[in-house]
Amino acid sequence: MDPGTPLNTLLIACYLISALGCAAATFGLALVIRRTTGASWFFWLLGAGPVLAVQGITRIPAIFIFQSLPPVQRLLAESSLFFWSYMVVLALTAGLCEEGGRWAAWRWIIPRGERSWRNALMLGAGHGGIEAVAVGVLQLLALVNYLALRNASPEALGTDEATVQAVMGQFTQLAGWEPLLGLWERCATLLVHVALSVMVLQAFRRHWSWWFLAVVAHAGLNFGAILLLRSLAGPLGTNTAGVLTEIAISACALAALGLIFALRDPPPVTVEVLEEG
C-alpha cells in the first residue's frame, strides 16, 4: 500500500461502533424482553439455532459455492434477467428457510403451553440477534483486512501487489461512515424478526395462513431492499441510495412494532367472587 495514503480514522471508528452496536442492540433487546415479560433465555437460543443450522450450515455455503462458479458470475454481471431472477430466488429461499425454521420450532420443540406472545418475542430476538452478531463480526473482519492491507506487505499476506491495490481501492472509495448503515439496518431488522416470530405463532393460534404471510413479508422485505438500493444508486449515488433504503427498512420496522403489540396476548381475566352475608 502507498504509505502516502492517509489512514481513514473515521472508517476505523465506524467499524468499531457498528460491531459493538450490533452486539449491544442484540443483547439489549433480549434483556428488555427478559425483564418486562419474564421470557426464558432458552427461547433466545432456540431462535438463534435455526439461523445457524439453516443459514450458516446449509443455505449460505450453498449460495457461496453457486456464486463462485464462473458461468454464474458471468451471468450475474451480464444478464439483468438472470440477476433479478436470482434475487427473487434468494429472497424466497430466505423466507421459506427462516420462517420454516420458526414454524418447526413452534410445531415440534415448544410445548403447547409455552406458545405465548412473550416467548415469541424472545424467539424473534434470538433469530434477529444472531444475524446482527454475525454482521458485527463481519465488520470487525473488514477492519482487520483494512489494517492488514495497509501495514503488511503483499508477500506477508500471501498475495500480490495488484490484488492489494484493488482491494484497498475499495476501502479508499469509502467516506468512512458507511459501516454505520449495517448497524442501522440490524437495529431495524431486529424488530422485523420479532414481528415475524409473532406472526408464525399465529399459525398455531389462528390460521396456517399466518405462516404464509410471514414468508411473503420476509421475502418481500429482502427483495424490496435490494430493488430500492439498486434503483436509487444510479441516479443518486450509492451512499444516498443506502441511506434512503435504510429509511424504508426503518419504516417497515415501525410497522412491525405496531403489529407486535397488536398481536400481544390479552390480559388475563379476573373474576371476583362475592361472598354472601
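Here's what I pulled together on the structure shown here. From a predicted model like this one, the values you see are computed outputs, not experimental measurements. (Residues numbered from 1 in each chain as written. Predicted model: local features only at pLDDT ≥ 70, side-chain atom pairs only at ≥ 80, totals over all residues. Heavy atoms only, no water.)

## What about the packing of helix α4 (residues 80-109) against helix α9 (residues 209-236)?
Relative to each other, α4 and α9 sit at 145°, their axes nearing to 8 Å. Viewed along their axes, α4 and α9 form a crossing whose handedness is right-handed. Partitioning the contact of α4 with α9 into residue classes produces 16 nonpolar, 4 polar and 4 charged. (Axes fitted to C-alpha atoms, helices over the stretch in contact; angles between N-to-C directions. Helix = DSSP H or I, 4+ residues; strand = E, 2+ residues; numbered from the N terminus. Left-handed = near helix turned anticlockwise from the far one by under 90°. Nonpolar A, V, L, I, M, F, W, Y, C, P; charged D, E, K, R; others polar.)

## Quick word on the pattern of salt bridges
For the structure shown, the criterion picks out 4 salt bridges. Put simply, E99 and R102 hold a salt bridge, and the shortest N to O gap is 2.8 Å. Of this pair, E99 and R102 both sit in helix α4, separated by 3 residues, roughly a single helical turn. The exposure classification of E99 matches that of R102, with both residues buried. For R205, the salt bridge identified is with D265, shortest N-O distance 2.5 Å. Residue R205 is found in helix α8 (residues 179-205), and its partner D265 is found in the segment after α10 (238-262); the two are separated by 60 residues along the sequence. We classify R205 as partly exposed; its relative accessible area is 37%. A relative accessible area of 28% places D265 in the partly exposed class. (Salt bridge = Lys/Arg side-chain N within 4 Å of Asp/Glu carboxyl O. Buried < 20%, exposed > 50% of the residue type's maximum accessible area, 1.4 Å probe, protein only.)

## Here we look at the packing of aromatic side chains
Enumeration over the complete set of coordinates arrives at 10 aromatic pairs. With a centroid separation of 5.7 Å and an interplanar angle of 25°, the aromatic rings of F27 and W44 are classed as stacked. With F27 in helix α1 (residues 9-37) and W44 in helix α2 (residues 41-67), this pair connects stretches of sequence that are 17 residues apart. Judged by its relative accessible area of 40%, F27 is partly exposed. Ring centres of F66 and Y86 lie 5.5 Å apart, and the angle between their planes is 40°; on these two criteria the pair is classed as tilted. Of this pair, F66 sits in helix α2 while Y86 sits in helix α4, and the two are 20 residues apart along the sequence. Residue class for Y86 comes out buried when judged on its relative accessible area of 8%. Joined through ring pairs, the aromatic side chains of F66, F82 and Y86 make up one cluster. (Phe/Tyr/Trp six-rings, centres within 6.5 Å; stacked < 30°, edge-to-face > 60°.)

## Looking at the environment of L11
One can find L11 in helix α1. The class of L11 is buried, set by a relative accessible area of 0%. On a C-alpha basis, the gap between L11 and Y146 in space is 9.5 Å, while along the polypeptide they are 135 residues apart.

## Brief notes about the nonpolar core
Counting 37 residues, the largest nonpolar core has W106, L121 and M122 as the members making the most contacts within it. At the level of elements, α1, α2, α4, α5 (117-151), α8, α9 and α10 are the ones that each hand at least two residues to this core. The dominant element in this core, judged by the number of residues it contributes, is α8, at 10 residues. Leaving out residues up to four positions away in the same chain, L121 has contacts with I33, T37, V194, V198 and I260. Counting residues in hydrophobic clusters, the runner-up holds 10 residues, among them Y15, A142, L143 and Y146. (Core = buried A, V, L, I, M, F, W, Y, C linked by side-chain atoms within 4.5 Å. Contact = heavy atoms within 4.5 Å.)

## Here we look at the packing of helix α3 (residues 70-78) against α4
When two helices pack together, their arrangement is given by the angle between the helix axes and by the axis-to-axis distance. The interhelical angle for the contact between α3 and α4, taken along N-to-C directions, is 105°, at an axis separation of 6 Å. Taken as axis vectors, α3 and α4 run roughly perpendicular relative to one another. On α4, the residues that touch V72, L75, L76 and E78 of α3 are S80, F82, F83 and Y86. The residue makeup of the contact of α3 with α4, split by class, is 6 nonpolar, 1 polar and 1 charged. (Parallel < 35°, antiparallel > 145°, perpendicular 65-115°, else oblique.)

## Some thoughts on α8
Helix length check: α8 (27 residues) gives 40 Å between terminal C-alpha atoms against 39 Å at 1.5 Å per residue, within 8%. Counting buried positions over the 27 residues of α8 gives 19, a clear majority of the element. (Expected span 1.5 Å × (residues − 1).)

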